[in-house]
Amino acid sequence: MPVESIFHRLEALLPKVQKPIQYVGGELNSTVKDWDAADVRWALMYPDAYEVGLPNQGVAILYEILNELPATLAERTYAVWPDLEALMRAEGVPQFTVDAHRPVRAFDVLGLSFSTELGYTNMLTALDLAGIPMLAVDRGDDDPIVLAGGHAAFNPEPIADFLDAAVLGDGEQIAIAITEVVREWKAEGRPGGRDELLMRLAESGGVYVPKFYDVDYHPDGRIKRVAPNRPGVPWRVHKHTVMDLDEWPYPKKPLVPLAETVHERFSVEIFRGCTRGCRFCQAGMITRPVRERSITTIGAMVENGIKESGFTEVGLLSLSSADHSEIADVAKGLADRYEGTNTSLSLPSTRVDAFNIDLANEFSRNGRRSGLTFAPEGGSERMRKVINKMVTEQDLIRTVTTAYSQGWRQVKLYFMCGLPTETDEDVLGIADLAKKVIKAGREATGSRDIRCTVSIGGFVPKPHTPFQWAGQADHETVDRRLKALRDSLRGDREYGRAIGYRYHDGKPSIVEGLLSRGDRRVGAVIRAVWEDGGRFDGWSEYFSYERWMSAAEKAGVDVDWYTVRERAENEVLPWDHLDAGLDREWLWQDWQDAVSGAEVEDCRWTPCYDCGVCPTMGTEIQIGPTGRKLLPLTVV
Ligand code: SF4
């Protein structure tokens, strides 16, 4: 069936909307392939606005890998802003891809990458605009397979009714495997229709198909069990782990945005996984084990990425970039290579030690020493032990003093509020710490011209972490503590003016908590919010706490039960049948250790403490050093 571009219909609407350029495509390194020459076609969606979605690494990598496959085509689609949504509805223009402006419904697979649960309502807008039935059960053979990935897909239960499938973990290899399953099924003449295709995906053990699992509940609402409802469907679905990152040096051709985006740089992921064991950090837990990219691959990716994109900023990404076993050589090698050029390097790292400042000094050779960010996360020593953030007050003061005395004038400190076992004193400890930081900085530099910004995020307990059993702090408590902290900072005549304070109120965290640890019954709330106009929930100007609470009430969902309630060890959690590789008993023990303030070491450098990942994955921690060095560029 021929598939036409809808651009001529969209074009007429663009003069009437804000930032029309975000919808036109044609970016450097974007790809448009011949529709008829492809036999498997993916639409890839980051369910947020173009400015947030375009820099997303997950989508960019899959876009490139899939388009490199013969007879496979991948295009991108983003959430349209409400102004264009209204016009599209009025004119009957469907959800489209930005590459060739093809209607999303014409694709075989609609793959959505969820970094956060707050994109769920945007998924519903896209499905509705695309003309794809919102509920998976209502879809027919002509509708795409709606597939979720990304960190939020480690508990896809709240959106289970809207999804055909979900995948956990790294996408590179599984996207290719899914493509082959779809290709074979189509080549065979689509035997058994959509149901058989989903069954083939489910049987592989690497794709979760929610409709093949039944959830039974206890009378009190807790889950009794989640069980496959067909033979051949596995009891547990495992995550995917790419072991050799050097074999997957993507992106090779970075997309260069046409409109302004949140990051405009070439990003190279220098390793995946983290073993520091911060108990609040879902990303750290679900991406284990650590897998490093070698110094030579990093160097080659940076050289190639700059050449292919023209970006002048390069970011070395990971969950804790200063922990790469060869980071000192990487930093020095790259700084030497690009010294005197217009290429600047950045390392978004939060490690609190002097080594981190040495790295920052290397990376700032081509630029200004403006600001450094550190993340102690907890305001008191006790709190930091509970969350296993092994940073002492001494460490922090010593590190920031070094930073100030080496010419850095601005330090940003990141903390969380609402952590398990937290008291008012723990949060007020943040103010004491910030004042000590300024005091030490003034003493070290002899100058009053130094600043520190305290930035606070609300803590949300996440699945597959030791805090998955914890009761979330209610928003009244969080708001009260944040206000007391603000008063303590602002009221200080000696240091108050040198300390900036950024925080959000506690209500969005409650909604995020509902969606993070929700089960299938929460889907009705998401749908009701969407029907009531909910869009772009990650944006404070669109987010409405009242809308979520009223939808929950109408759906008969008790928000407190999902958020502030502490779970018992034996309670079946909605995501227990989804395997992130972590041993449940170890997670529980780590939760008990948290409450008693017992810390665990980083297993990169100390013996394994049996979190379960390495044996389950049949892998082991992979770290260098390779001993290789970066050579100077042949042509800069
Ligand atoms: S299994 Fe052991 S070595 Fe592997 S990530 Fe877990 S604690 Fe670390």
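Up top is the structure.
Note that the structure is predicted; figures quoted are calculated from it, not measured.

### Focus: the overall build of the protein
Next, step 1: Regarding its fold elements, the protein presents 21 helices and 18 strands.
Next, step 2: At 25 Å, the protein has a C-alpha radius of gyration in line with the 26 Å of a compact globule built from 636 residues.
Next, step 3: Taking the principal axes of the C-alpha coordinates as reference, the protein spans close to 75 × 65 × 55 Å.
Next, step 4: Burial status across the protein gives 59% buried among its 636 residues.
Next, step 5: Of the contacts formed within the protein by residues at least 6 apart in sequence, a portion of 78% connects residues at least 24 apart.
Next, step 6: Separation between the mean location of the 74 positive side-chain charges and that of the 96 negative ones in the protein comes to 4 Å.

### Describing the sheet that holds strand β12 (residues 313–317)
Next, step 1: One open sheet holds the three strands; their spatial order is β9-β12-β13, and the pairing between them is parallel. With one partner strand each, in any of the chains shown, β9 (266–269) and β13 (344–346) form the two edges of the open sheet. Here the average twist between neighbouring strands, direction ignored, is 20°.
Next, step 2: Bridging between β12 and β13 involves three bridges; their strand directions are parallel.

### A short note on helix α3 (residues 57–68)
Next, step 1: Here α3 is twelve residues long and its end C-alpha atoms lie 17 Å apart, about the 16 Å a rise of 1.5 Å per residue gives.
Next, step 2: With ten of twelve residues buried, α3 lies mostly within the body of the structure.
Next, step 3: If you check which residues of α3 are buried, you get Gln 57, Val 59, Ala 60, Ile 61, Leu 62, Tyr 63, Glu 64, Ile 65, Leu 66 and Asn 67.
Next, step 4: Two or three places before Gly 58, at the opening of α3, Asn 56 has a side-chain oxygen 3.1 Å from that residue's backbone nitrogen.

### Regarding the packing of helix α14 (residues 424–445) against helix α15 (residues 475–490)
Next, step 1: Where α14 contacts α15, the axes come no closer than 9 Å and their chain directions differ by 30°. The angle between the axes of α14 and α15 places the two elements in the roughly parallel class. The handedness of the crossing between α14 and α15 is right-handed. The segment α14 lies against α15, with Asp 424, Val 427, Leu 428, Ile 430, Ala 431, Ala 434 and Lys 435 engaging Arg 480, Arg 481, Ala 484, Leu 485, Ser 488 and Leu 489.
Next, step 2: For the contact of α14 with α15, the residue count by class is eight nonpolar, one polar and four charged.

### Remarks on the site of the ligand
Next, step 1: Around the ligand, the surrounding shell consists of Arg 288, Cys 603, Cys 608, Tyr 609, Asp 610, Cys 611, Gly 612, Val 613, Cys 614, Pro 615 and Ile 621.
Next, step 2: Within the shell around the ligand, the residues separate by chemical class into eight nonpolar, one polar and two charged.

### Some details on the side chain of Asp 590
Next, step 1: Along the chain, the position of Asp 590 falls in helix α20 (residues 584–596).
Next, step 2: Overall, the relative accessible area of 2% leaves Asp 590 in the buried class.
Next, step 3: Looking at Asp 590, its side chain comes within polar contact range of the side chain of Arg 279, at 3.1 Å.
Next, step 4: When neighbours within four sequence positions are excluded, Asp 590 is seen to be in contact with Arg 279, Pro 466 and Val 600.

### Topic: a negative patch on the surface
Next, step 1: Taken together, the side chains of Asp 474, Glu 476, Asp 558 and Asp 560 make up a negatively charged region of the molecular surface.
Next, step 2: If you trace the backbone, Asp 558 turns up in the loop between α18 (545–555) and α19 (559–563).

### Re the side chain of Asp 579
Next, step 1: With respect to the helices and strands, the residue Asp 579 is situated in strand β18 (residues 578–579).
Next, step 2: Polar contacts involving the side chain of Asp 579 include one to the side chain of His 238, which spans 2.7 Å.

### Quick word on the packing of aromatic side chains
The geometry of an aromatic ring pair is captured by two quantities: the separation of the ring centres and the angle between the planes.
Next, step 1: What the rule picks out here adds up to 17 aromatic pairs.
Next, step 2: On the basis of an interplanar angle of 25° and a centroid distance of 4.7 Å, the ring pair of Tyr 501 and Tyr 503 is categorised as stacked.
Next, step 3: Judged by its relative accessible area of 14%, Tyr 501 falls in the buried class.
Next, step 4: For the ring pair Trp 586 and Tyr 609, a centre distance of 5.6 Å and an interplane angle of 20° mean the geometry is stacked. With Trp 586 in helix α20 and Tyr 609 in the loop between α20 and α21 (613–617), this residue pair connects regions lying 23 residues apart in the sequence. Each member of the pair, Trp 586 together with Tyr 609, is buried.

### Examining the sheet that holds strand β1 (residues 40–46)
Next, step 1: Spatial strand order, β2-β1-β3-β4-β5: five strands in an open sheet with parallel pairing. Of all strands in the sheet, those bounded by a partner on one side alone are β2 (72–78) and β5 (165–166).
Next, step 2: Summarising the sheet, strand β4 (residues 145–149) and β5 pair through two bridges and their orientation is parallel. Residue pairing across strands places Ala 148 opposite Ala 166, the latter belonging to β5.
Next, step 3: Relative to β1, helix α6 (residues 172–187) is tilted by about 140°, and along the sheet it contacts β1, β2, β3 (109–113) and β4.

### Examining the pairing of β9
Strand residues, when the strand is regular, have side chains that alternate between the two faces of the sheet.
Next, step 1: Because side chains alternate across β9, one face comprises the buried residues Phe 266 and Val 268, and the other comprises Ser 267 and Glu 269, equally buried.
Next, step 2: With four bridges joining them, β9 and β12 adopt parallel strand pairing. Across the sheet, the residue bridging to Val 268 is Leu 316, located in β12.

### What to know about unusual backbone geometry
Next, step 1: Of the consecutive residues Tyr 250 and Pro 251, the connecting peptide bond is found in the cis state with omega at 0°.
Next, step 2: Looking at the element boundaries, Pro 251 is found in the loop between β8 (237–238) and β9.
Next, step 3: For Ala 71, which is not glycine, the phi dihedral falls at a positive 55°.
Next, step 4: With respect to the element layout, Ala 71 can be found in the loop between α3 and β2.
Next, step 5: Residue Ala 71 is classed as partly exposed on the basis of its relative accessible area of 28%.

### Observations regarding α20
Next, step 1: Over its 13 residues, α20 extends 19 Å from the first C-alpha to the last, a length consistent with the 18 Å expected when each residue adds 1.5 Å.
Next, step 2: Those residues of α20 that fall on the buried side of the exposure criterion are Trp 586, Leu 587, Trp 588, Asp 590, Trp 591 and Ala 594.
Next, step 3: Looking at the buried residues of α20, the elements they touch are α8 (282–286) and α12 (381–386).
Next, step 4: Of the residues one or two after α20, Gly 597 is the one with positive phi, at around 80°.

### Re the pattern of salt bridges
Next, step 1: Applying the stated criterion to the full structure yields 54 salt bridges.
Next, step 2: Taking the shortest distance from any N to any O, the salt bridge between Lys 462 and Glu 117 comes out at 3.1 Å. Here Lys 462, found in the loop between β16 (451–458) and α15, pairs with Glu 117, found in the loop between β3 and α5 (120–130); they are 345 residues apart in sequence, far enough to count as distant. By the burial criterion, Lys 462 is buried, and Glu 117 matches it.

Here is what the cut-offs are and how they apply
Residues numbered from 1 in each chain as written. Predicted model: local features only at pLDDT ≥ 70, side-chain atom pairs only at ≥ 80, totals over all residues. Heavy atoms only, no water. Helix = DSSP H or I, 4+ residues; strand = E, 2+ residues; numbered from the N terminus. Rg over C-alpha atoms; globule rule 2.2 N^0.38 Å. Buried < 20%, exposed > 50% of the residue type's maximum accessible area, 1.4 Å probe, protein only. Contact = heavy atoms within 4.5 Å. Lys, Arg positive; Asp, Glu negative; His and termini not counted. Charge placed at Lys NZ, Arg CZ, Asp CG, Glu CD. Pairing = 2+ DSSP bridges. Axes fitted to C-alpha atoms, helices over the stretch in contact; angles between N-to-C directions. Expected span 1.5 Å × (residues − 1). Polar contact = N/O pair within 3.5 Å; in protein donor to acceptor, adjacent residues only side chain to side chain. Parallel < 35°, antiparallel > 145°, perpendicular 65-115°, else oblique. Left-handed = near helix turned anticlockwise from the far one by under 90°. Nonpolar A, V, L, I, M, F, W, Y, C, P; charged D, E, K, R; others polar. Near = heavy atom within 4 Å. Patch = residues over 30% accessible without salt bridge, like charges linked within 9 Å, V, L, I, M, F, W, Y side chains within 5 Å. Areas by Shrake-Rupley, 256 points an atom, 1.4 Å probe, with all protein chains shown as cover. Salt bridge = Lys/Arg side-chain N within 4 Å of Asp/Glu carboxyl O. Phe/Tyr/Trp six-rings, centres within 6.5 Å; stacked < 30°, edge-to-face > 60°.

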